[in-house]
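Fold and geometry: a report
Listed below are the residues making up each chain.
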Amino acid sequence: MAFTELLERAGGMGLFQTLQVITLLLPTVCIPAQMLLDNFSAATPGHRCRAHMLDNGSEALTNLTAQALLVISIPLGPNHEPHQCRRFRQPQWQLLEPNATATNWSEAATEPCRDGWVYDRSTFTSTVVAEWGLVCNNQGLKPMGQAVFLVGNLLGSCAWGLLSYWIGRKSMLSWCCLQVAVANTSTIFAPNFLVFCGLRFLSAFGLAGIILTSTTLLVEWTMTHRRALTMTVLGCTYCAGQMVLGGVAFALRDWRDLHLAVSTPFFAIFLISWWLPESARWLIITGKPDQALQELKKVARINGHKEAKKTLTLEVLMSSMEEEVASAKSHQSQLDLFRQPILRRRSWCMLIVRMTADGFLLSVGRLGAVMGPLIMMTRQALPLLPPICFGVTPIVSSLVLLFLPETQGLPLPDTIQDLENQRSGAARGSQREVIITESTWF
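Residues numbered from 1 in each chain as written. Predicted model: local features only at pLDDT ≥ 70, side-chain atom pairs only at ≥ 80, totals over all residues. Heavy atoms only, no water.

Named according to an unreviewed UniProt entry, the chain is Solute carrier family 22 member 11 originating from Molossus molossus. Database annotation for the chain, UniProt heading Subcellular location (unreviewed entry): "Endomembrane system". (UniProt positions renumbered as here; feature names shortened; annotations may be inferred.)

So, in structure tokens, the structure goes:
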């Protein structure tokens, strides 16, 4: 918690924090577009089997209208519309007779769509589903592709939480922005659905890093009394990003154009992110106090806090963070989330979101997201399973959250020891209140 004191010496909240929030909100606006992109680019348009007489310009040869050719080529489906997945083996001329009905056909007279499908392009001119025929017998590939994307998010949450601790927050943020930009832009050149899924996996892997590092940088450079406001603005920006995606998808109806539009901004974000300072907190606990001091003075200079040249010294920095540095040398891991009682209780509650802990909890959240498309695949066999799962889980989670402590106005703990001190301080405060109450009573 001593880092808060160093941040005060660097000017507390000022111009730097404002510029940092604006910079980090840029990827935040673009992230929802990547997460929800499949709702538009992988939409399933109306479709029917391709039939030779119907789709090879046979109207002029047979003197029949397109509607008549549709009747003799495509049977009716359960909704009394042209069947989406079957066609007649041979033209059913008898269906053109005055007393014939379009339901006078047998299963034996039909076959699957051997020559592909014809898609309704009135809403979307092109989608991933239409590009690779992810309908009928292949319709299960669409949720599998979505699951692959979410697995990338899951693994990225685990990997970036560790890598950003070893390499740094700022470096990982810049790299992840570049990875998302390159991977998702490359999807428009994918020759098949397998390559497309692989590129979307890499994109999701990078998105997890952007979410993790941008949030951590915001929290670590923000004073305690402004942290709630900053995170609220961050959450509102996510919502704004969802609205932006709707407008972009409305304007761009081709999936390649849409992918390109929501991916190229990450190239610009990659370039802009290099002005951000590295986390001074991370630099201190990883044994780079000189560089941390430079970053703190940079922040103080941007904030116009001239006194920092005198008050921020290497001796002050090391004495303030002595306990945190000693704690970092103990090589704590994700297992410490369950070894310490207070962390174990909080972690188990958060399973049903700093870097190692955030990465672990975020990865668990992504595991739930991976299960979503797979649960939806059970609708045909178990129609009630998806609504039960999606309805009961939030109710149970809301009850579990009641066991988490309030953190409003509390400084950000740097180490496990800080959490234990925070807990013992709260316990002493409670005992003091009990004593005062009893004294007043008697």
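**A short note on a nonpolar patch on the surface**
Taken together, the side chains of Met-144, Met-371, Leu-374 and Met-377 make up a nonpolar region of the molecular surface, amounting to roughly 330 Å² of accessible area. Structurally, the position occupied by Met-371 is in helix 21 (residues 355-376). (Patch = residues over 30% accessible without salt bridge, like charges linked within 9 Å, V, L, I, M, F, W, Y side chains within 5 Å. Areas by Shrake-Rupley, 256 points an atom, 1.4 Å probe, with all protein chains shown as cover. Salt bridge = Lys/Arg side-chain N within 4 Å of Asp/Glu carboxyl O. Helix = DSSP H or I, 4+ residues; strand = E, 2+ residues; numbered from the N terminus.)

**Topic: the nonpolar core**
Ranked by size, the top nonpolar core spans 47 residues in total, and within it Phe-3, Ile-210, Trp-221, Phe-266 and Leu-296 carry the most contacts. Elements with a minimum of two residues in this core: helix 1 (3-9), helix 2 (15-35), helix 8 (141-167), helix 9 (169-186), helix 10 (193-220), helix 13 (265-272), helix 14 (280-285) and helix 15 (289-302). The greatest single-element share of this core, amounting to nine residues, is contributed by helix 10. Residues Ala-51, Cys-113, Tyr-119 and Phe-196 belong to the second largest nonpolar core, which totals 25 residues. (Core = buried A, V, L, I, M, F, W, Y, C linked by side-chain atoms within 4.5 Å. Buried < 20%, exposed > 50% of the residue type's maximum accessible area, 1.4 Å probe, protein only.)

**A look at the packing of aromatic side chains**
The full count for this structure, using the stated rule, is 10 aromatic pairs. Measuring from centroid to centroid gives 6.0 Å for Phe-16 and Trp-275, while their planes differ by 75 degrees, and the two rings are edge-to-face. A residue pair is termed long-range when its members are at least 10 positions apart, and Phe-16 in helix 2 and Trp-275 in the loop between helix 13 and helix 14 qualify at 259 residues. Residue Trp-275 is classed as partly exposed on the basis of its relative accessible area of 26%. Ring centres of Phe-193 and Phe-196 lie 6.0 Å apart, and the angle between their planes is 20 degrees; this geometry places the pair in the stacked category. (Phe/Tyr/Trp six-rings, centres within 6.5 Å; stacked < 30°, edge-to-face > 60°.)

**Overview of helix 10**
Look at helix 10: 41 Å from first C-alpha to last across 28 residues, which is about the 40 Å you get at 1.5 Å a residue. Counting buried residues in helix 10 gives 22 out of 28 residues, a clear majority hidden from the surface. Capping of helix 10 at its N-terminal end is provided by Asn-192; its side-chain oxygen lies 3.2 Å from the backbone amide nitrogen of Leu-194. (Expected span 1.5 Å × (residues − 1). Polar contact = N/O pair within 3.5 Å; in protein donor to acceptor, adjacent residues only side chain to side chain.)

**Remarks on the layout of surface pockets**
Taken as a whole, the second largest pocket encloses approximately 470 Å³ of empty space. In this structure, the second largest pocket is lined by 17 residues; those nearest its centre are Gln-139, Gly-140, Lys-142, Pro-143 and Arg-379. Those elements giving two or more residues to the lining of the second largest pocket turn out to be helix 8 and helix 21. Top element by residues in the lining of the second largest pocket is helix 8. It accounts for three residues. Among the residues making up the lining of the second largest pocket, the classes are represented as eight nonpolar, seven polar and two charged. Residue assignment places the lining of the second largest pocket across two domains, with domain 1 (2-15 + 140-238 + 270-332) and domain 2 (336-386) each supplying three or more. (1 Å grid on protein atoms, 1.4 Å probe; cavity = no way out; pocket = protein on both sides within 12 Å on 5 of 7 lines; lining within 4 Å. Points joined across faces, edges and corners; volume = space filled by probe spheres on them. Nonpolar A, V, L, I, M, F, W, Y, C, P; charged D, E, K, R; others polar. Domains from an automatic or database assignment.)

**As for empty space enclosed by the protein**
Size it by volume and the largest cavity reaches roughly 80 Å³. When residues in the lining of the largest cavity are grouped by element, the largest group, four residues, is from helix 10. When its residues are assigned to classes, the lining of the largest cavity shows six nonpolar, two polar and three charged. Elements with a contribution of two residues or more to the lining of the second largest cavity: helix 2, helix 9 and helix 13. No other element matches the four residues that helix 2 contributes to the lining of the second largest cavity. Among the residues forming the lining of the second largest cavity, the class breakdown is eight nonpolar, two polar and no charged.

**Considering the UniProt feature "transmembrane region" (unreviewed entry) in the chain**
Under the present numbering, the feature "transmembrane region" (unreviewed entry) in UniProt falls on residues 147-168, 175-195, 201-219, 231-252, 258-276 and 384-404. Note that residues 231-252 is 95% helix and 0% strand, and that its end C-alpha atoms are spaced 31 Å apart. Counting secondary structure, residues 384-404 comes out at 76% helix and 0% strand; the distance between its end C-alpha atoms is 32 Å.

**Overview of the state of the cysteines**
Evaluation of the coordinates by the stated rule reveals two disulfides. A sulfur-sulfur separation of 1.7 Å characterises the disulfide bridge that pairs Cys-49 with Cys-113. Residues Cys-49 and Cys-113 are joined by a disulfide whose S-S torsion is about -65 degrees; by sign, that bridge is left-handed. Placement of Cys-49 in strand 1 (residues 47-49) and of Cys-113 in the loop between strand 3 (110-112) and strand 4 (117-119) is noted, with a sequence separation of 64 residues between them. There is a disulfide in this structure between Cys-85 and Cys-136, and the S-S distance comes to 2.1 Å. In this structure, the disulfide formed by Cys-85 and Cys-136 twists by about -95 degrees around the S-S bond and is classed as left-handed. Of the two residues, Cys-85 sits in the loop between helix 6 (66-73) and strand 2 (86-88) while Cys-136 sits in the loop between helix 7 (128-132) and helix 8, which places them 51 residues apart along the sequence. With relative accessibility at 25%, the residue Cys-85 sits in the partly exposed group. The class of Cys-136 is buried, set by a relative accessible area of 12%. For the chain, the bonded cysteines connect in the pattern 1-3, 2-4 when numbered consecutively along the sequence. (Disulfide = S-S within 2.5 Å.)

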